[in-house]
Amino acid sequence: MDTPQKKRLIWQLPFLVLLIVGSIFIIRQQSIMPYRHTEDFIFGTTYQVTYQYDIDLRDSIKSQLLKVDQSLSPFNENSVISAINYNQSAKPDEMFLDVFRQAMKISRETNGTFDITVAPLVNAWGFGFKKGELPTPRQVDSLKAIVGYQKLSLVDGMIHKADPRMMIDCSAIAKGYGVDVVAKYLRSRGVENFMIEIGGEIVTQGVNPSKHPWRIGVTKPTEDSLNIGGRELQTTLKVNNVAMATSGNYRNFYYKDGKRYAHTIDPHTGYPVQHNILSATVFAKSCMVADAFATSFMVMGLDGAKEILKKHPELMAYLIFDNGRGGNGVWFSPSLKDSIVK
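Small disclaimer: the values here were computed from a predicted structure and weren't measured.

1. Re the overall build of the protein
Summing up its helical and strand segments, the protein has 8 helices and 14 strands in all. Across the 342 residues that make up the protein, the buried fraction comes to 47%. Sequence-distant contacts, at least 24 apart, represent 59% of the contacts inside the protein between residues at least 6 apart.

This is how it looks when you write it as structure tokens:
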């Protein structure tokens, strides 16, 4: 070995040693750093977050979610979305605009089966603020006149409604967005391993406390609106660095005069959907996107969902449907096969 090569090696050795020592230190820190858990209520449901970090972040996590609530909760009279629904001159904040733009995009891609203006119909059928008698066909037709994402626009940073009676309800996308907000916050703090769940919408990253991929259960759809029988799992999936959202009609429904009414309303017809699909679980890069597409799939049915998935290879889905023979059938994206726990 000539002298110049020896000199280069001598200069490189300290950096190599430093790299090795640093790597060992990081690995050791990760192995001894505790996993923490926090849970509470938000958006009318529960949330839980498990994460590996050296300090407790529960207050900061709750603070992030309260910001989402202040922007997007129609049950919060002081929220941005409430001000818009009440036709007050409120300028939307960045959180509202993030969700609004994504909602409009997905509405166009799904031909309006996802629509954040469907709230008047949801209320009329007894799944929102209003409870009481079922709407008449005439009332449904009247409400359809003030439903339609195309009747909303964003002009100079303000939301414009074609009819002041229109209402915006982001409940089919806001929970997913809340999960994304918490995930973004944890990443900003350098958290590498975590699982966030809000009302069934989930984001995972890294590994669980056992150093294995996170395992998430898909609930078996059974008619148990009061959740008396607990949650029986259809399957369990090994997931990592992915967002997941589920929509289903098997818990939020009611019977009236012997007929079953599910909470998913078709914006095109104005009536609760009657498709054979029972549960749609969607996987995407963001939970907001997964949340919206899961709702859309419930509206368009099994065949429509498959068509959308062909156009969006970045999405994956696990769909449970009524097979017409008294049982349930399952269809899932081929790329999910290796994630299913046998």
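On we go.
2. Brief notes about the packing of aromatic side chains
Counted according to the given criterion, the structure contains 5 aromatic pairs. Between W125 and Y271, the ring centres sit 5.4 Å apart and the planes meet at 55 degrees, which makes this aromatic pair tilted. Taken together, the residues span a long stretch of sequence, with W125 in the loop between α5 (119–124) and α6 (137–144) and Y271 in the loop between β11 (259–262) and β12 (277–284) at a distance of 146 residues. Given a relative accessible area of 4%, W125 falls into the buried group. Ring geometry for Y318 versus F332: centroids 6.0 Å apart, planes at 5 degrees, classification stacked. Taken together, the positions of Y318 in strand β13 (residues 316–322) and F332 in strand β14 (residues 328–332) put the pair 14 residues apart, joining distant regions of the chain. Given a relative accessible area of 5%, Y318 falls into the buried group.

3. Here's the deal with the nonpolar core
Residues F96, I116, I168, C170 and F297 are the most contacted members of the largest nonpolar core, which totals 47 residues. Contributions of two or more residues to this core are made by α2 (58–72), α3 (80–85), α4 (94–109), α7 (171–188), β12, α8 (287–311) and β13. Among all residues touching I168, those that are not within four sequence positions of it are I81, I84, N85, F96, I116, L152 and I159. One finds Y47, F194, A243 and C287 within the second-largest nonpolar core, a separate group that totals 20 residues.

4. Some thoughts on the side chain of T204
On the secondary structure map, T204 appears in strand β6 (residues 201–205). If near-sequence neighbours (up to four positions away) are discounted, T204 is found in contact with F194, M195, W214, I216, V239, N240, N241 and V242.

5. Considerations on the pattern of salt bridges
All chains considered together, the criterion is met by 7 salt bridges. With its nearest N and O atoms 2.9 Å apart, the salt bridge here joins D163 to R165. Across the pair E232 and K220 runs a salt bridge, and its minimum N-O distance is 3.8 Å. With E232 in the loop between β7 (214–219) and β8 (233–239) and K220 in the loop between β7 and β8, this pair connects stretches of sequence that are 12 residues apart.

6. Points about the environment of G199
Looking at the element boundaries, G199 is found in the loop between β5 (194–198) and β6. G199 sits 151 residues away from Q48 along the chain, and the two C-alpha atoms are 8.9 Å apart. If we skip the residues at most four places from it in the chain, G199 touches T45, T46 and K175.

7. Section: the packing of α4 against α8
Where α4 contacts α8, the two axes come as close as 10 Å, and the packing angle between them is 5 degrees. The angle between α4 and α8 places the two elements in the roughly parallel class. Side by side, α4 and α8 meet where D98, V99, Q102, I106 and E109 of the first sit next to M288, V289, A292, F293 and I308 of the second. In the contact of α4 with α8, the residues fall into 7 nonpolar, 1 polar and 2 charged.

About the criteria used
- Residues numbered from 1 in each chain as written.
- Predicted model: local features only at pLDDT ≥ 70, side-chain atom pairs only at ≥ 80, totals over all residues.
- Heavy atoms only, no water.
- Helix = DSSP H or I, 4+ residues; strand = E, 2+ residues; numbered from the N terminus.
- Buried < 20%, exposed > 50% of the residue type's maximum accessible area, 1.4 Å probe, protein only.
- Contact = heavy atoms within 4.5 Å.
- Phe/Tyr/Trp six-rings, centres within 6.5 Å; stacked < 30°, edge-to-face > 60°.
- Core = buried A, V, L, I, M, F, W, Y, C linked by side-chain atoms within 4.5 Å.
- Salt bridge = Lys/Arg side-chain N within 4 Å of Asp/Glu carboxyl O.
- Axes fitted to C-alpha atoms, helices over the stretch in contact; angles between N-to-C directions.
- Parallel < 35°, antiparallel > 145°, perpendicular 65-115°, else oblique.
- Nonpolar A, V, L, I, M, F, W, Y, C, P; charged D, E, K, R; others polar.

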